[in-house]
Amino acid sequence: MIRARTAMPRKVLSALFVAACALCVALALVPLAFVLFFVVSQGIQSLTVEFFTHNPRPVGEPGGGMANAIVGTLILTALAAAMAIPIGILSGVYLSEYRGSRFASAVRFAADTLNGVPSIVIGVFAYAVVVLPLRHFSTLAGGFALGVMMIPIITRTTEELLLLVPNALREGALALGATRARAVFSVIVPAALPGIITGVVLALARIAGETAPLLFTSFNNRFFSTSLLQPISSITVQVFTYAISPYEDWHRQAWAGALVLVTIVLVCSMAARFAAARVASLRGR
Amino acid sequence: MDGKVPQTINPPLVKVRALRAPDAGLRDPVLPVQAEPLKIDVEHLSFFYGEKRALEDISIKIQPHVVTAFIGPSGCGKSTFLRTLNRMNDIIPGARVEGRVCIDGQDIYRAGVDVVAVRRKVGMVFQKSNPFPKSIFENVAYGLRINRLTSNRSELAGRVEESLQQAALWEEVKDRLHESALALSGGQQQRLCIARALAVKPDILLMDEPASALDPIATQRIEELIYQLKVKFTIVIVTHNMQQAARVSDFTAFFWLGRLIEYERTDKMFTAPSEKLTEDYLTGRFG
């Protein structure tokens, strides 16, 4: 016979722990809820069509928008992606293929360190490497700084996902007469692709929200520009500039910019999940 | 072992011959008549995982178009030996081979041998089915594509169909070739892996416990398949299941602690083994 006497404290204890967990989850979600609430409630009123289609007006003139900054952020992010995705994925492949080697350990350590470097330091680095030789701020420098931030994230994500692919798939490919490189790129990388796509998009979302590396690389531009060698505006720097300005109208635009940024990040994360699920479902997982 | 061995002295021959034609004309395996050239000729092979010696001085001669079964208790080296026959052990760090493995008279461990060419000639089916996360069609087409064995689409499609038919899978999948291979059942996946191996037209097919993860019906299909395939291929199969060895093979090799204890015609080994150790194993006294 089970003793009911001892069952009581056990059940109470269990309920207590469940309650504590629920409370912690709620506490963790509260800041997110507040951020979203403030950004939406403050930003939505300034989010007009003009905000998306017009460039900033001169100081004192009300209205205008952030078309140049939105395009700027897209260009900067695309540049960073073009630089970091190939390098990141290929180094991830290297790390997983030669995981035992000394050089791989060194690369892994370097990637982890780079991942922890404050973004402002990356900005300084890009300033020294790109801005100084070119003698002026440029889109290229901003994209470079963001790309440097992205590489270690993609490298480590790719490595970890490749290590999850069962070794049996590699053996299967080798047994059919595949070379090592062929096995990696035709079987192992595709098998890990859903996860890699998610990792890449999350890295994109993360760097799209960076301000510090752009402050003295791509700088800012009041005008619409798509030139790679000119300074360019970005949503983050524009929000920063407007938020510390003394003008009420600019504050409102800063909120609207923040809302656009949060939306971009959110859409990216959702797109990543969707894309990963779709790739996975095509394979019947 | 896995407890499947009945505790009788001579169990396997009672009902296991149903699948097989009477194998008249098989020659003594150890000293074959030289008229037909040997398919596989292994001489004094030893294999090391680092310092540990996993195989000790193994010599075996295998003729074309026969099925040879490797049996023995777990860890006896039968899988390791199978994998030396297409150099799959190369990818294990610290692995080392001594001795010779000749396929069609060519030592595959000689310097300058193209491992890729060896593996194309010596196909392999693994214990756990390992279809690629691609469609059924692409799984079978993989070996053809990477080795550029077909010159156009219709030829590729033809070879894929032919291979799936050889593996007795075509009827079940012909209407869903472009669906994921991972949606197939375990037995179908294993037959897909066999089709994939057959597509590149190897001479030799190595099978590492191909039915160990399958139910009895799927196992029976694989065994029937092996029987049909030996017309075209030379088959070496590792199995834990002695009845299976007796059912499908013409010759049986018994391994114990990394050594080849006995190599005989299957019917002779299962009725009158010459080694005491073999008899003890076959009758379930150990293993």
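My aim in this report is to walk through the structure given alongside it, one point at a time. (Residues numbered from 1 in each chain as written. Chains lettered and ligands numbered in written order. Predicted model: local features only at pLDDT ≥ 70, side-chain atom pairs only at ≥ 80, totals over all residues.)

### Regarding the environment of Lys 268 of chain B
Residues and elements named next belong to chain B. Heads up, the rule is: Secondary structure elements are defined from DSSP: runs of H or I of at least 4 residues count as helices, runs of E of at least 2 residues count as strands, and each element is numbered from the N terminus. For the exposure call, what matters is how many other C-beta atoms sit within 10 Å of a residue's own: 20 or more marks it buried, 12 or fewer exposed, and in between partly exposed, using C-beta atoms placed from the backbone.
By secondary structure assignment, the location of Lys 268 is in helix H9 (residues 266-271). Residue Lys 268 is classed as partly exposed on the basis of its C-beta count, with 16 C-beta atoms lying within 10 Å. Taking the C-alpha atoms as reference points, Lys 268 and Asp 250, separated by 18 residues in sequence, lie 9.9 Å from one another.

### Considerations on the environment of Met 270 of chain A
For Met 270 of chain A, the location among the structural elements is in helix H11 (residues 248-282). Judged by the 11 C-beta atoms lying within 10 Å of it, Met 270 of chain A is exposed.

### Overview of the interface of chain A and chain B
Here is the rule: Here contacts are defined at the residue level, using C-beta atoms placed from the backbone and a cut-off of 7 Å between them. All amino acids are sorted into three groups, where Ala, Val, Leu, Ile, Met, Phe, Trp, Tyr, Cys and Pro are nonpolar, Asp, Glu, Lys and Arg are charged, and the leftover types, Gly among them, are polar.
Each partner contributes residues to the interface: chain A has 18 residues there, and chain B has 23 residues. For the side of chain A that touches chain B, the secondary structure elements donating two or more residues are helix H7 (167-175) and helix H8 (180-208) of chain A. Residue contributions to the side of chain A that touches chain B peak at six residues, all from H7 of chain A. Residues belonging to the side of chain A that touches chain B are distributed by class as follows: nine nonpolar, five polar and four charged.

### Focus: the sheet that holds strand S5 (residues 106-107) of chain B
Residue and element names in this part refer to chain B. The test is simple: Paired strands, as defined in this entry, are two strands with at least two bridges between them according to DSSP.
Strand order in the open sheet formed by four strands is S2-S1-S4-S5, and the pairing between neighbours is antiparallel. Unpaired on one side and paired on the other, strand S2 (52-62) and S5 mark the two borders of the sheet. Both strand S4 (residues 95-103) and S5 contribute to a ladder of two bridges, which runs antiparallel. Within S5, the residue paired with Ile 103 across the bridge is Gln 106.

### Side note on unusual backbone geometry
All names here are of chain B. For Asp 104, which is not a glycine, the phi torsion comes out positive at approximately 50°. With respect to the helices, strands and loops of the structure, Asp 104 is situated in the loop between S4 and S5. Positive phi outside glycine occurs at Arg 148, with the angle close to 50°. Mapped onto the secondary structure, Arg 148 falls in the loop between helix H3 (136-146) and helix H4 (153-166). Look at Arg 148 and you get exposed, because 7 C-beta atoms sit within 10 Å.

### Here's the deal with the packing of helix H4 (residues 102-116) of chain A against helix H6 (residues 139-163) of chain A
Residues and elements named next belong to chain A. Selection rule: Axis definition: a line fitted to C-alpha atoms, over the contacting stretch in the case of helices. Angles run 0 to 180 degrees between N-to-C directions. Angle categories: roughly parallel below 35 degrees, roughly antiparallel above 145, roughly perpendicular from 65 to 115, and oblique for all the rest. For any helix crossing, the convention is left-handed if the near helix is rotated counterclockwise from the far helix by under a right angle, and right-handed if that rotation is clockwise.
Between H4 and H6, the least distance of the axes is 8 Å, while the angle of their chain directions is 135°. Judged on the interaxial angle alone, H6 and H4 are oblique. As H4 runs across H6, the sense of the crossing is left-handed. The segment H4 lies against H6, with Ala 111, Leu 114 and Asn 115 engaging Pro 152, Ile 153, Thr 155 and Arg 156. Residue composition of the contact of H4 with H6, by class: four nonpolar, two polar and one charged.

### Focus: the pairing of S2 of chain B
Residues and elements named next belong to chain B. Sheet analysis places strand S1 (residues 40-49) next to S2, joined by seven bridges and oriented antiparallel. Bridged to Val 42 within S2 is Ile 60. Taking the residues between adjacent antiparallel strands as the criterion, S1 and S2 are bridged by two residues, where Gly 50 takes a positive phi near 60°.

### Re the pairing of strand S3 (residues 67-71) of chain B
For a regular strand, side-chain orientation follows a simple rule: the groups alternate between the two sheet faces. Residue and element names in this part refer to chain B. Across the five residues of S3, five count as buried, placing the element largely inside the fold. As defined by bridge partners, S3 adjoins strand S9 (residues 251-256) across four bridges and the pair is classed as parallel. Following the sheet pairing, Ile 71 is matched in S9 by Phe 254.

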